[in-house]
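# Summary of the model geometry
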Amino acid sequence: GIMGRRIKFGFDTKGFEDVAARFDGLGGDLQAFFTDQLEQIGETVGEDTLEAVRASNLPAGGKYSQGDTEKSIIRNPKVSWTGNIGSLPIGFDYAKPGAGGFLITGTPRMKPDHKLETIYARKKYCAGLMKEVSDALTEEIGRRMKGG
């Protein structure tokens, strides 16, 4: 199950080797660029997650919520790099009390929080974030080539 596992948003720069060479040639630091992009994503995901655990989205309208789940949301995660792989902890810090994992997956007696499920259990949300990162990179390269 998801409990006890942190959710990580992983990013592999391998597919970006051609781009990386161009970026370096243009005086860019690709890892710094991706770190910045991923940390912005981390903040976005944190805000979306916060929105998703608002009482109106919770089971029973939040009647059983103690506010712990909200406190366990990772707000400003930092990227760590291992070789080409940047990873960013997102979602909930399971070391803190809260029902984050259950809200994502649901339980036999409770439907998942639809918004959380969309963020963490569906590929589309993540794919959208990845597209934003590569679009930002393309834009940045264009800007540098123009000497902007």
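These remarks concern the structure in this document.

What counts and what doesn't
- Residues numbered from 1 in each chain as written.
- Predicted model: local features only at pLDDT ≥ 70, side-chain atom pairs only at ≥ 80, totals over all residues.
- Heavy atoms only, no water.
- Helix = DSSP H or I, 4+ residues; strand = E, 2+ residues; numbered from the N terminus.
- Buried < 20%, exposed > 50% of the residue type's maximum accessible area, 1.4 Å probe, protein only.
- Contact = heavy atoms within 4.5 Å.
- Areas by Shrake-Rupley, 256 points an atom, 1.4 Å probe, with all protein chains shown as cover.
- Lys, Arg positive; Asp, Glu negative; His and termini not counted.
- Charge placed at Lys NZ, Arg CZ, Asp CG, Glu CD.

This part takes up the overall build of the protein. Summing up its helical and strand segments, the protein has 6 helices and 3 strands in all. The N-to-C order of helical and strand elements in the protein reads β-α-α-α-β-β-α-α-α. Along the three orthogonal principal directions, the C-alpha set of the protein runs to about 55 × 25 × 25 Å. Relative to its full complement of 148 residues, the protein shows a buried share of 39%. Contacts in the protein between residues far apart in sequence, at least 24 positions, make up 70% of those at least 6 positions apart. As displayed, the protein offers around 8,800 Å² of accessible surface, 51% of which is attributable to carbon and sulfur atoms. Counting 21 positive and 20 negative side-chain charges, the protein places the centres of these two groups 7 Å from one another.

Locating glycine 100 in the fold gives a position in helix α4 (residues 100–105). Judged by its relative accessible area of 1%, glycine 100 is buried. With 25 residues separating them along the chain, glycine 100 and arginine 75 place their C-alpha atoms 14 Å apart. Not counting chain neighbours up to four residues away, the residues in contact with glycine 100 comprise Thr69, Phe92, Tyr94 and Leu116.

This part takes up the environment of leucine 38. Along the chain, leucine 38 falls in helix α2 (residues 30–52). The class of leucine 38 is buried, set by a relative accessible area of 0%. Once the C-alpha coordinates of leucine 38 and lysine 63 are considered, the two residues, 25 residues apart in sequence, prove to be 34 Å apart. Setting aside its immediate chain neighbours within four residues, leucine 38 contacts Phe9, Phe11, Val79, Trp81 and Leu88.

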